[in-house]
Amino acid sequence: MFQNLIDIIAAPSAAFARLKERPTILFPLLLVLITSASVQVGYVLLTDRGFMADQQIEQVEAMFPNVTDAQLEEMRENVVNTSTTTLIVSAMVNVALVLLVILALYALYLKFASKFSFADFGWKAWMSMVCWTSVPLVFGALASWIVLLTNPNGQVPILDLNSLNFANLLGLDVDGGPLVYLSPLYLWSFALLALGYQNWTGKSLLTSTLIALGPYILIFGLWGLL
């Protein structure tokens, strides 16, 4: 287990060979879910409640231009008056569920794609692959905690939690778009997934990379066009 954690970073091929024989899910899954959810806990505890409400209202206004002022005010009051415990539980559950669904669907997608490579691996094996190759995202959670703990006034914009995104690293002043959400850590994770797919199926690195990135190429490609 801990050897896999070391090897997925330092010697991925060794980890993939081990996982091919004995796929494991629980440890990497909990590691990714807990660290990611912990950032939301920190955000609730360390962010000014009024500022947090403003952030949520801005997101709602961007997504639903027809929302009324009365609805926005009601939403603001709900955020301000809701207990800290309720906000923490809600944030943790939402993040954990979203990540769990994304990982599970990605494993299902890889299981389907591997059929064309005549690779006989079940969903559990691919779920193990997806969870272990998501381990680099833990470093993103640690970076988010640094942002939270070093902020002096409790007013961290929610997008700034992903401090390692390409927009920040390239010094671009943008309010949204793929560069705000993507970071080198995601590319690291995708690279590991491509290497793992190649290791298990014997396909070329190019084919494995295209398969590993397939859903994200589609999503961010459409997003960029829109």
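Residues numbered from 1 in each chain as written. Predicted model: local features only at pLDDT ≥ 70, side-chain atom pairs only at ≥ 80, totals over all residues. Heavy atoms only, no water.

Caption draft 1: Geometry of the pattern of salt bridges. Evaluation of the coordinates by the stated rule reveals two salt bridges. Across the pair Asp7 and Arg18 runs a salt bridge whose closest N-O atoms are separated by 2.9 Å. One end of the pair, Asp7, is in helix 1 (residues 2–10); the other, Arg18, is in helix 2 (residues 12–21), and eleven residues separate them in sequence. The exposure class of Asp7 is buried, given its relative accessible area of 8%. The class for Arg18 is partly exposed, based on a relative accessible area of 34%. Here Asp54 and Arg76 are joined by a salt bridge, their closest N and O atoms 2.2 Å apart. Of the two residues, Asp54 sits in helix 4 (residues 49–63) while Arg76 sits in helix 5 (residues 69–81), which places them 22 residues apart along the sequence. (Salt bridge = Lys/Arg side-chain N within 4 Å of Asp/Glu carboxyl O. Helix = DSSP H or I, 4+ residues; strand = E, 2+ residues; numbered from the N terminus. Buried < 20%, exposed > 50% of the residue type's maximum accessible area, 1.4 Å probe, protein only.)

Caption draft 2: Just helix 2, in detail. Listing the buried residues of helix 2 in full gives Pro12, Ala15, Phe16 and Leu19. Projected down its long axis, helix 2 shows its buried positions confined to an angular sector of 100°, all on one face. Away from its buried face, by an angle of more than 90 degrees, helix 2 presents the exposed residues Ser13 and Glu21. Of the surrounding secondary structure, the elements contacted by the buried residues of helix 2 are helix 1, helix 7 (123–132) and helix 11 (184–201). (Arc of directions from axis to C-beta. Contact = heavy atoms within 4.5 Å.)

Caption draft 3: Focus on the nonpolar core. If you look at the biggest cluster of nonpolar residues, it comprises 33 residues, and the most contacted ones within it are Leu110, Trp126 and Trp200. Sorting the residues of this core by element identifies helix 2, helix 3 (26–46), helix 6 (84–114), helix 7, helix 11 and helix 12 (205–225) as the ones contributing at least two each. Beyond its immediate chain neighbours, meaning those up to four positions away, Trp200 contacts Phe16, Leu19, Lys20, Phe121, Ala125, Trp126 and Met129. (Core = buried A, V, L, I, M, F, W, Y, C linked by side-chain atoms within 4.5 Å.)

Caption draft 4: Structural context of the packing of helix 3 against helix 8 (residues 137–150). With their axes 9 Å apart at the nearest point, helix 3 and helix 8 run at an angle of 15° to one another. As judged from the angle between their axes, helix 3 and helix 8 are roughly parallel. Helix 8 is crossed by helix 3, and the crossing has left-handed handedness. On helix 8, the residues touching Leu31, Val32, Thr35, Ser36, Ser38, Val39, Gly42, Tyr43 and Leu46 of helix 3 are Val138, Ala141, Ser144, Trp145, Leu148 and Leu149. Residue composition of the contact of helix 3 with helix 8, grouped by class: ten nonpolar, five polar and no charged. (Axes fitted to C-alpha atoms, helices over the stretch in contact; angles between N-to-C directions. Parallel < 35°, antiparallel > 145°, perpendicular 65-115°, else oblique. Left-handed = near helix turned anticlockwise from the far one by under 90°. Nonpolar A, V, L, I, M, F, W, Y, C, P; charged D, E, K, R; others polar.)

Don't take any of this as a statement about function, it's just geometry.
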